[in-house]
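# Structural overview
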Amino acid sequence: MKNKYFAHETAVIDEGCQIGSETKIWHFSHIMSNCIIGNACNIGQNVVVSPEVRLGNKVKVQNNVSIYTGVTCDDDVFLGPSMVFTNVTNPRSAINRRGQYARTHVGKGASIGANATIVCGHDIGEYAFIGAGAVVTKNVPPYALVVGNPSKQIGWMSEYGHRLKFDDDNIASCPESKERYQLINNSVRKTI
């Protein structure tokens, strides 16, 4: 049966992977055993996807990204150039910590900027926005905007990737989509 995805001739795909239709895997990338990659994903150049990683549909992985065992990403996640996940909190070269990988989950629609590092065991909420170069050392709530090293939250983002400005009634509108959001008890939700 012919593959319904595209893989550049220099890409390496190990046994046991499930790769969705319309997914593209580019130059010098390595998809390791037992990964599940959804439909219509784009895996850039020189990307490493370690064993048992799970990526949803329409995930965009830019060049030089490392996604290590223990990471799962929901649909529509954006992973910026050269960002990296870790999977062991106390690595040592001489000590094998396989099987002790901490889990990290990235929620639907979240974006992680170029050169950011996600320290393992910390989840990224849906539609959160991690600034370029940020080092995430704790969980990030949905719609949060975080920057810096260590990262700190400086605001909230819309599903279209615009910073939200809340009025006195804690209501904000996305300038692009015009969707409205409400801030309640330090969490954001989209209103109908």
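As a reminder, the structure under discussion sits directly above these lines.
In this report, the structure presented in the accompanying data block is examined. Quick caveat, the model's predicted, so the values are computed rather than measured.

### What to know about the overall build of the chain
- For the chain, the helix and strand inventory stands at zero helices and 24 strands.
- Over its C-alpha trace the chain gives a radius of gyration of 17 Å, about what one expects of a compact globule, namely 16 Å for 192 residues.
- Counting every position in the chain, which comprises 192 residues, the buried fraction comes to 40%.
- A separation threshold of at least 6 residues defines the contact pool for the chain, and within that pool the share at least 24 residues apart is 14%.
- For the chain, the computed accessible surface area is about 10300 Å², with 47% contributed by carbon and sulfur atoms.
- The distance from the centre of the 19 positive side-chain charges to the centre of the 16 negative ones in the chain is 4 Å.

### A look at the environment of I171
- For I171, the position within the fold is in strand β22 (residues 171-173).
- Measuring from C-alpha to C-alpha, the distance between I171 and N96 comes to 50 Å, with 75 residues separating the pair along the chain.

### Observations regarding the sheet that holds β22
- Taken together, the three strands give an open sheet; going across it, the order is β22-β23-β24, and neighbouring strands pair in antiparallel fashion. Bordering the open sheet on either side are β22 and β24 (187-190), each of which pairs with just one other strand. Adjacent strand axes in the sheet meet at a mean angle of 30° when their direction is disregarded.
- Summarising the sheet, strand β23 (residues 180-184) and β24 pair through four bridges and their orientation is antiparallel. Bridge pairing links L183 to V188 in β24.

### Quick notes on the nonpolar core
- In terms of nonpolar packing, the biggest core is built from 45 residues, with I67, L79 and I130 touching the most fellow members.
- Listing elements by their share of this core, those giving two or more residues are β12 (71-73), β20 (144-147) and β23.
- With residues near it in sequence (within four places) discarded, I130 still touches S111, I112, G113, A116, I118, I124, V136, V140 and V146.

Rules used throughout
Residues numbered from 1 in each chain as written. Predicted model: local features only at pLDDT ≥ 70, side-chain atom pairs only at ≥ 80, totals over all residues. Heavy atoms only, no water. Helix = DSSP H or I, 4+ residues; strand = E, 2+ residues; numbered from the N terminus. Rg over C-alpha atoms; globule rule 2.2 N^0.38 Å. Buried < 20%, exposed > 50% of the residue type's maximum accessible area, 1.4 Å probe, protein only. Contact = heavy atoms within 4.5 Å. Areas by Shrake-Rupley, 256 points an atom, 1.4 Å probe, with all protein chains shown as cover. Lys, Arg positive; Asp, Glu negative; His and termini not counted. Charge placed at Lys NZ, Arg CZ, Asp CG, Glu CD. Pairing = 2+ DSSP bridges. Axes fitted to C-alpha atoms, helices over the stretch in contact; angles between N-to-C directions. Core = buried A, V, L, I, M, F, W, Y, C linked by side-chain atoms within 4.5 Å.

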